[in-house]
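Fold and contact review
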Amino acid sequence: MSGCPGSRTIDFSEKEEQSEGESGKRQSQLRQWPIQFHLVSPQAPYFQEKDILLVADCVPFALADFHKDYLKGKSIAIACPKLDSDQEVYIEKVKSLIDDSKINTLTVMIMQVPCCFGLVQVAKEGAEKATRKIPVKQVVVGIEGGVLSEEWI
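Description of the structure in this document.

Now for the overall build of the protein chain. Counting its secondary structure elements, the protein chain contains four helices and seven strands. Helices and strands in the protein chain line up, N terminus first, as β-β-β-α-α-β-α-β-α-β-β. Its C-alpha radius of gyration of 15 Å places the protein chain within 12% of the 15 Å reference for a compact globule of 153 residues. For the protein chain, the C-alpha atoms occupy an extent of roughly 45 × 40 × 30 Å along the three principal directions. Counting every position in the protein chain, which comprises 153 residues, the buried fraction comes to 43%. Across the protein chain, contacts joining residues at least 24 apart in sequence account for 65% of those joining residues at least 6 apart. Taken as two groups, the 18 positive and 22 negative side-chain charges of the protein chain have centres that lie 2 Å from each other.

So, about the packing of aromatic side chains. Here the distance between the centres and the angle between the planes together describe a pair of aromatic rings. Within this structure, the stated rule accounts for two aromatic pairs. Seen from their ring centres, Tyr46 and Phe47 are 4.9 Å apart, and the 65 degrees between their planes marks the pair as edge-to-face. Summarising the burial analysis for this pair, Tyr46 and Phe47 share the class buried.

Across the sheet, which stays open at both edges, the five strands sit in the order β4-β3-β5-β6-β7 with mixed pairing between neighbours. Where the open sheet ends on each side, the last strands, each with one partner, are β4 (75-79) and β7 (147-152). Taken over all neighbouring pairs, the strand axes of this sheet differ in orientation by 15 degrees on average, direction set aside. The sheet contact formed by strand β3 (residues 51-56) and strand β5 (residues 105-111) spans five bridges and is parallel. Each bridged residue has a counterpart across the sheet, and for Asp51 the counterpart in β5 is Thr105. In the packing of helix α4 (residues 117-129) onto the sheet, the strands contacted are β3, β4, β5 and β6 (136-141), and the crossing angle to β5 comes to about 160 degrees.

Glancing now at the pairing of β7. Bridge analysis of β6 against β7 gives five bridges, and the strand direction is antiparallel. Bridge pairing in β7 links Lys137 to Trp152. Between β6 and β7, which pair antiparallel and follow one another directly, the connecting turn spans five residues, one of which, Gly145, has a positive phi of 105 degrees.

Okay, the pattern of salt bridges next. Note on pairing: side chains with opposite charge can pair once their charged atoms come close. In total, this model carries six salt bridges according to the counting rule given. For the salt bridge of Asp65 with Arg26, the shortest nitrogen-to-oxygen distance reads 2.8 Å. Of this pair, Asp65 sits in the loop between α1 (59-62) and α2 (66-71) while Arg26 sits in the loop between β1 (10-11) and β2 (32-33), and the two are 39 residues apart along the sequence. On the basis of relative accessible area, Asp65 is assigned to the partly exposed category, the value being 28%. Lys68 is the partner of Asp65 in a salt bridge, and the nearest nitrogen-oxygen pair spans 4.0 Å. Here the residues in one salt-bridge network are Arg26, Asp65, Lys68 and Asp69, joined through shared partners.

To continue, consider the environment of Ile134. With respect to the helices and strands, the residue Ile134 is situated in the loop between α4 and β6. Looking at Ile134, the relative accessible area reads 15%, which means it is buried. Considered as a pair, Ile134 and Ile103 are 31 residues apart in the sequence and their alpha carbons are 7.9 Å apart.

Take α4 next. With 13 residues, α4 should cover 18 Å at 1.5 Å per step; its first-to-last C-alpha distance of 19 Å lies within 8% of that length. Looking only at α4, the buried set comprises Leu119, Val120, Val122, Ala123, Gly126 and Ala127. The buried residues of α4 occupy an angular sector of 155 degrees when projected down its axis, which confines them to one face.

So, how was this worked out
Residues numbered from 1 in each chain as written. Predicted model: local features only at pLDDT ≥ 70, side-chain atom pairs only at ≥ 80, totals over all residues. Heavy atoms only, no water. Helix = DSSP H or I, 4+ residues; strand = E, 2+ residues; numbered from the N terminus. Rg over C-alpha atoms; globule rule 2.2 N^0.38 Å. Buried < 20%, exposed > 50% of the residue type's maximum accessible area, 1.4 Å probe, protein only. Contact = heavy atoms within 4.5 Å. Lys, Arg positive; Asp, Glu negative; His and termini not counted. Charge placed at Lys NZ, Arg CZ, Asp CG, Glu CD. Phe/Tyr/Trp six-rings, centres within 6.5 Å; stacked < 30°, edge-to-face > 60°. Pairing = 2+ DSSP bridges. Axes fitted to C-alpha atoms, helices over the stretch in contact; angles between N-to-C directions. Salt bridge = Lys/Arg side-chain N within 4 Å of Asp/Glu carboxyl O. Expected span 1.5 Å × (residues − 1). Arc of directions from axis to C-beta.

Such coordinate-based values are descriptive only and should not be taken to indicate function.
Take a look at the structure:
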């Protein structure tokens, strides 16, 4: 193995699910590694013909039930449109997810702050460059944790 062990592609989507109650410990709905958009490969098995979340880094911290309400049953990539460099790579990755991995849907989750809307633009540009057309949803999360809007774009 070469490179950082934390970058190794791991698909644990087959792990056994446990029932979730409203109290006590909940099981993580994360089914893959890595999740940072620069580190993921669009050809990874956990992206093939799946519903994908492209999530701004802050969203899971602001949205209390992120795992239960959004991540469950989906694959994920996270990014920060303000701090991440070389975002042109992200546009190509979105295109590859759509055309090569044949993803079903793409949901882009961002915070309400202006810099976050750059992630939506990345998704739109990648989708426009793709040959296949898929539904793309935008979810905007408020800085106090509520979902402000959800719309297909």
